[in-house]
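Each chain, written out:
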Amino acid sequence: MVKYSIIVPVYNEQDTIKIFYDAITPVMKNLNEPYEVIFVNDGSMDNTLNILKELALSDKNVKYLSFSRNFGQQAAIFCGYEHSSGEAVITIDVDLQDPVEVIPEMIKKWKEGYEVVHGKRKKRKGETFFKKFTSKLYLKFIQGISGLKIPQNVGEFKLLDRKVVNTLINMPEHGRYLRGLTSWVGFKQTEVEFVRNERVAGTTKYSLKKLVKLATGSVVTLSTWPLTISAKLGLLGGFLSLACFITFIVLSCCKIFLPLAAWLFPTITMLFSISFVLNGLTNVYLRKTYEEVQNRPRSIVSESGNFDD
Ligand code: UDP
Ligand code: MG
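Report follows, based on the coordinates. All values reported here derive from a predicted model rather than from experimental measurement.

1. As for the overall build of the protein chain
For step 1, the next point in the chain: Within the protein chain one finds 10 helices and 7 strands.
For step 2, the next point in the chain: Radius of gyration (C-alpha) of the protein chain: 26 Å, far over the 19 Å computed for a compact globule of 309 residues.
For step 3, the next point in the chain: Over its C-alpha atoms, taken along the principal directions, the protein chain stretches across nearly 95 × 55 × 35 Å.
For step 4, the next point in the chain: A fraction of 81% describes how many contacts in the protein chain between residues 6 or more apart in sequence connect residues 24 or more apart.

Listed below in structure tokens is the structure:
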């Protein structure tokens, strides 16, 4: 018998938890296999924690962890991973935007041998055009600078095999961005499509400020490309000013003399370029240092043979 873990981050969700619980319980019971639902209370200020305590008293499959303050959804998910014991671990939002009926489909894919099953939104109800547009643009950007194939229209709703969860929690870095890191670790991945519903109750817990923080944090976590901009700009400026100097010298040879002030332009650009390149050199070492500090595994073995003893 396998065991499943469901990780649910909750922040000021007193209106949704019970509705979620009533929806997920029959789905999990129907599977006829052991399971745990781990709620991670991310520093809620409403009645969330009391509701979780009540549920945990009446149902041993319900567990909860409660943060001392709001650390964010990503931190809540990773904490849930660290405390989970299932062979397949599913992360889901509490507001039922991610339909619980998709979980058995994800499990089916997992049983077929997939180690990462992403929930893919084929329709997103209740989201503004602005949100959909900016998240698409942002994904293109992050794919470009990280070189990772992060799938489109995929959020935190996914199933991970125990192997993948262990790989993620053993990565010592603090900057954690689930959508990017699940692509980074590799493994056999697939998707299950679903229609994203509107929130069942309450309002979104993601302010614009939180979204911006998540977006900038994930860029830094997944890519050191911005550190290369300085050197690239410096080299480009250097070539352009050199070309300008050569043109001026050729013109002088042809007895076309430019005013002294004109020579100032390539001189200043050249000086700036040198400074940019030197800064870029520092960044080469900064990049290396950052990668060392992140201390990601140099490779991840997903299977091996005859090494048992
Ligand atoms: N959440 C959290 N901490 C936060 C913000 C959100 O644990 O700081 C939880 C929230 O309770 C929900 C999930 O993360 O279960 C997704 O949040 P929400 O539905 O508000 O985001 P949206 O769907 O609007 O992007
Ligand atoms: Mg939501």
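2. Quick word on the sheet that holds strand 7 (residues 189-196)
Hydrogen bonds between backbone atoms are what pair the strands of a sheet, whose relative direction is either parallel or antiparallel.
For step 1, the next point in the chain: The strand order across the open sheet built from 7 strands is 3-2-1-4-6-5-7, with neighbouring strands paired in mixed fashion. At either margin of the open sheet sits one strand with a lone partner, and together these are strand 3 (62-66) and strand 7. Sheet twist, expressed as the average angle between the axes of neighbouring strands with direction ignored, equals 20 degrees.
For step 2, the next point in the chain: Bridge count between strand 2 (residues 35-41) and strand 3: 5 bridges; the pairing is parallel. Bridge pairing in strand 3 links Ile 38 to Lys 63.
For step 3, the next point in the chain: Where helix 1 (residues 17-30) meets the sheet, its contacts fall on strand 1 (4-10), strand 2 and strand 3, and the angle it forms with strand 2 comes to roughly 160 degrees.
For step 4, the next point in the chain: Here helix 7 (residues 178-185) sits on the sheet in contact with strand 4 (88-91), strand 5 (116-124), strand 6 (154-161) and strand 7, set at roughly 45 degrees to strand 6.

3. Notes on the coordination of the magnesium ion (ligand 2)
In an ideal octahedron of six donors the angles at the metal are 90 or 180 degrees, and in an ideal tetrahedron of four donors they are 109.5 degrees.
For step 1, the next point in the chain: The magnesium ion (ligand 2) binds to the protein through Asp 95 (OD) and Gln 97 (OE1), with metal-donor distances spanning 1.9 to 2.0 Å. No difference in accessibility class separates Asp 95 from Gln 97, as the two residues are buried.

4. Structural notes on the pairing of strand 1
For step 1, the next point in the chain: The buried fraction of strand 1 amounts to 7 of the 7 residues, a majority that puts the element mostly inside the structure.
For step 2, the next point in the chain: Pairing analysis gives 7 bridges linking strand 1 to strand 2, with the strands arranged parallel. Within the sheet, the bridge partner assigned to Val 8 lies in strand 2 and is Phe 39.
For step 3, the next point in the chain: Crossover handedness for the path strand 1 to helix 1 to strand 2: right-handed.
For step 4, the next point in the chain: One ladder, built from 4 bridges, connects strand 1 with strand 4; its direction is parallel. Paired with Ile 7 across the two strands is Thr 91, which belongs to strand 4.

5. Focus on the site of ligand 1
For step 1, the next point in the chain: Of all residues adjacent to ligand 1, which total 19 residues, the nearest are Glu 13, Asp 42, Asp 95, Thr 204 and Lys 205.
For step 2, the next point in the chain: In this structure, Asp 95 approaches ligand 1 through a side-chain N or O atom, which is 2.7 Å from an oxygen atom.
For step 3, the next point in the chain: Between Lys 210 and ligand 1, the recorded distance is 2.8 Å, taken from a side-chain N or O atom to an oxygen atom.
For step 4, the next point in the chain: Isolated, ligand 1 exposes 530 Å² of accessible area, and the fraction of that covered by the protein chains is 95%.
For step 5, the next point in the chain: Grouping the amino acids of the shell around ligand 1 by side-chain chemistry returns 5 nonpolar, 5 polar and 9 charged.

6. With respect to the pattern of salt bridges
For step 1, the next point in the chain: Following the criterion strictly, the structure yields 13 salt bridges and no others.
For step 2, the next point in the chain: Between Glu 36 and Lys 3 there is a salt bridge whose closest N-O contact spans 3.5 Å. Taken as a pair, Glu 36 in strand 2 and Lys 3 in the segment before strand 1 lie far apart in primary sequence, 33 residues in all.
For step 3, the next point in the chain: Overall, Lys 3 belongs to the partly exposed group, its relative accessible area being 22%.
For step 4, the next point in the chain: Of the charged contacts in the structure, one is a salt bridge between Asp 95 and Arg 199, with a shortest N-O distance of 3.4 Å. Here Asp 95 is found in the loop between strand 4 and helix 4 (102-111), whereas its partner Arg 199 is found in the loop between strand 7 and helix 8 (208-222), with 104 residues between them in sequence.
For step 5, the next point in the chain: Residue classification places Asp 95 among the buried residues on the basis of a relative accessible area of 4%.
For step 6, the next point in the chain: Put simply, Glu 13, Asp 95, Arg 199 and Lys 205 are held in one network by salt bridges that share partners.

7. Describing unusual backbone geometry
For step 1, the next point in the chain: With phi around 60 degrees, Leu 96 is a residue other than glycine that occupies positive phi space.
For step 2, the next point in the chain: Inspection of the secondary structure assignment puts Leu 96 in the loop between strand 4 and helix 4.
For step 3, the next point in the chain: Residue class for Leu 96 comes out buried when judged on its relative accessible area of 15%.
For step 4, the next point in the chain: Even without a glycine there, the phi angle at Phe 187 is positive, about 70 degrees.
For step 5, the next point in the chain: Within the secondary structure layout, Phe 187 lies in the loop between helix 7 and strand 7.

8. Brief notes about a nonpolar patch on the surface
For step 1, the next point in the chain: Residues Phe 141, Trp 225, Ile 229, Leu 233, Leu 236, Leu 240, Leu 264, Ile 268, Phe 272 and Phe 276 make up a contiguous nonpolar surface patch of about 950 Å² in total accessible area.
For step 2, the next point in the chain: Put simply, the parts of the chain that give the nonpolar patch at least two residues each are helix 9 (229-253) and helix 10 (260-294).
For step 3, the next point in the chain: Within the fold, Phe 276 resides in helix 10.
For step 4, the next point in the chain: Look at Phe 276 and you get partly exposed, because its relative accessible area is 32%.

9. A short note on helix 9
For step 1, the next point in the chain: Taking 1.5 Å of rise per residue, the 25 residues of helix 9 would be expected to cover 36 Å, and the 36 Å separating its terminal C-alpha atoms lies within 8% of that figure.
For step 2, the next point in the chain: Residues of helix 9 that are buried include every one of Ser 230, Gly 234, Gly 237, Gly 238, Ser 241, Cys 244 and Phe 248, and no others.
For step 3, the next point in the chain: Taken together, the buried residues of helix 9 touch helix 10.
For step 4, the next point in the chain: Positive backbone phi, approximately 65 degrees, marks Lys 255, located one or two places after helix 9.

The rules behind each value
- Residues numbered from 1 in each chain as written.
- Chains lettered and ligands numbered in written order.
- Predicted model: local features only at pLDDT ≥ 70, side-chain atom pairs only at ≥ 80, totals over all residues.
- Heavy atoms only, no water.
- Helix = DSSP H or I, 4+ residues; strand = E, 2+ residues; numbered from the N terminus.
- Rg over C-alpha atoms; globule rule 2.2 N^0.38 Å.
- Contact = heavy atoms within 4.5 Å.
- Pairing = 2+ DSSP bridges.
- Axes fitted to C-alpha atoms, helices over the stretch in contact; angles between N-to-C directions.
- Donors = N, O, S within 2.8 Å, 3.2 Å for Na, K, Ca; no water.
- Buried < 20%, exposed > 50% of the residue type's maximum accessible area, 1.4 Å probe, protein only.
- Right-handed = clockwise from strand over helix to strand, strands pointing away.
- Near = heavy atom within 4 Å.
- Polar contact = N/O pair within 3.5 Å; in protein donor to acceptor, adjacent residues only side chain to side chain.
- Areas by Shrake-Rupley, 256 points an atom, 1.4 Å probe, with all protein chains shown as cover.
- Nonpolar A, V, L, I, M, F, W, Y, C, P; charged D, E, K, R; others polar.
- Salt bridge = Lys/Arg side-chain N within 4 Å of Asp/Glu carboxyl O.
- Patch = residues over 30% accessible without salt bridge, like charges linked within 9 Å, V, L, I, M, F, W, Y side chains within 5 Å.
- Expected span 1.5 Å × (residues − 1).

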